[in-house]
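Notes for the structure review
Below are the chains, spelled out letter by letter.
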Amino acid sequence: MGKAKRNRKRGAKGEEPPKKDTKRLAIIAVAVMAVLVAAAAALRWPSTASRGLVDVTVPASLSAQARSGQRAFDANCARCHGENGGGTDQGPPLVHDIYNPGHHADAAFYLAAQRGVFAHHWSFGDMPPQPNVTRKELDGIVRYVRELQQANGITWKPHRM
Ligand code: HEC
């Protein structure tokens, strides 16, 4: 009899560990959730409008042509394409693999300014033509964007459709 009682007691105790496990699981779940929330916040951070859509690494130095291109870019393109070509809620980042020279050659920049662009890669809407920008300014803008791209590891890649 005594033996049976002890067994029953042990049996009752034996049901406790699962309760502890539940508690531990709950703690782990809370910890995992905290990490996920932190990660989501970190991912959202670079996409705020003031910081541009992508984080652009600015090269330590720009060529003279790129520096003059930067001035023309800031005056005519940055309100949509963002400071350093990082994008805004009005236009895409040009420092983006889509615009690597194998997919969008330099000619795409001259055409974009001359004719505008129908929205086809993104959902920002159409780009209006930029008739005030001269060919010489565009030479500089292209140089500027290419130097920014290079500093961010975006180089020529064959275009596959
Ligand atoms: C009013 C906003 C706006 C301005 C100003 C603007 N762009 Fe754009 N641009 C866009 C949008 C939006 C797109 C993306 C269209 C798409 O593919 O969905 C675009 C696309 C482009 C493309 C890609 C063209 C292609 O063939 O896909 C280039 C290159 C470009 N812009 C260069 C420029 C340059 C250089 C300037 C300044 C001279 C400029 N943009 C000014 C909004 C703008």
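If you're wondering where the values come from, they're calculated on a predicted model, not measured in any experiment.

Quick look at the overall build of the protein
Counting secondary structure elements, the protein contains six helices and zero strands. Beginning at the N terminus, the succession of helices and strands in the protein can be written as α-α-α-α-α-α. The 161 residues of the protein split such that 23% are buried. Residue pairs in contact within the protein that sit at least 24 positions apart in sequence constitute 71% of those at least 6 positions apart.

Comments concerning the site of the ligand
In the vicinity of the ligand lie 25 residues, with C77, C80, G91, F124 and M127 positioned nearest. Breaking the shell around the ligand down by element, the ones donating at least two residues are α4 (78-81) and α5 (106-115). Top contributing element to the shell around the ligand by residue count: α5, with four residues. By residue class, the composition of the shell around the ligand is 15 nonpolar, nine polar and one charged.

A few points about the packing of α5 against helix α6 (residues 135-151)
Where α5 meets α6, the axes come as close as 10 Å, and the angle between the chain directions of the two elements is 135°. With respect to their mutual orientation, α5 and α6 come out oblique. When you trace α5 past α6, the crossing you get is right-handed. Along its contact with α5, which presents D106, F109, Y110 and A113, the element α6 presents L138, I141 and V142. Residues of the contact of α5 with α6, tallied by class, amount to six nonpolar, no polar and one charged.

Re the packing of helix α3 (residues 64-76) against α6
Two numbers describe how α3 lies on α6: the axes approach to 7 Å, and their chain directions differ by 105°. Taken together, the axis directions place α3 and α6 in an arrangement best described as roughly perpendicular. On α6, the residues that touch Q65, A66, S68, G69, Q70, A72 and F73 of α3 are E137, D139, G140, I141, R143, Y144 and E147. The class makeup of the residues in the contact of α3 with α6 is five nonpolar, five polar and four charged.

Focus on the nonpolar core
If you look at the biggest cluster of nonpolar residues, it comprises 17 residues, and the most contacted ones within it are L138, I141, Y144 and V145. Of all the elements in the fold, those that place two or more residues in this core are α3, α5 and α6. The element best represented in this core is α6, accounting for six residues. Those residues in contact with I141 that sit more than four places away from it in its chain are G69, A72, F73, C77 and F109.

Focus on the environment of R143
For R143, the location among the structural elements is in helix α6. Spatially, the C-alpha atom of R143 lies 8.3 Å from that of S63, the residues being 80 residues apart in sequence. If we skip the residues at most four places from it in the chain, R143 touches S63, Q65, A66 and G69.

About the thresholds
Residues numbered from 1 in each chain as written. Predicted model: local features only at pLDDT ≥ 70, side-chain atom pairs only at ≥ 80, totals over all residues. Helix = DSSP H or I, 4+ residues; strand = E, 2+ residues; numbered from the N terminus. Buried ≥ 20, exposed ≤ 12 C-beta atoms within 10 Å, placed from the backbone. Contact = placed C-beta atoms within 7 Å. Near = placed C-beta within 6 Å. Nonpolar A, V, L, I, M, F, W, Y, C, P; charged D, E, K, R; others polar. Axes fitted to C-alpha atoms, helices over the stretch in contact; angles between N-to-C directions. Parallel < 35°, antiparallel > 145°, perpendicular 65-115°, else oblique. Left-handed = near helix turned anticlockwise from the far one by under 90°. Core = buried A, V, L, I, M, F, W, Y, C linked by C-beta atoms within 7 Å.

Nothing here speaks to function; it is all geometry.
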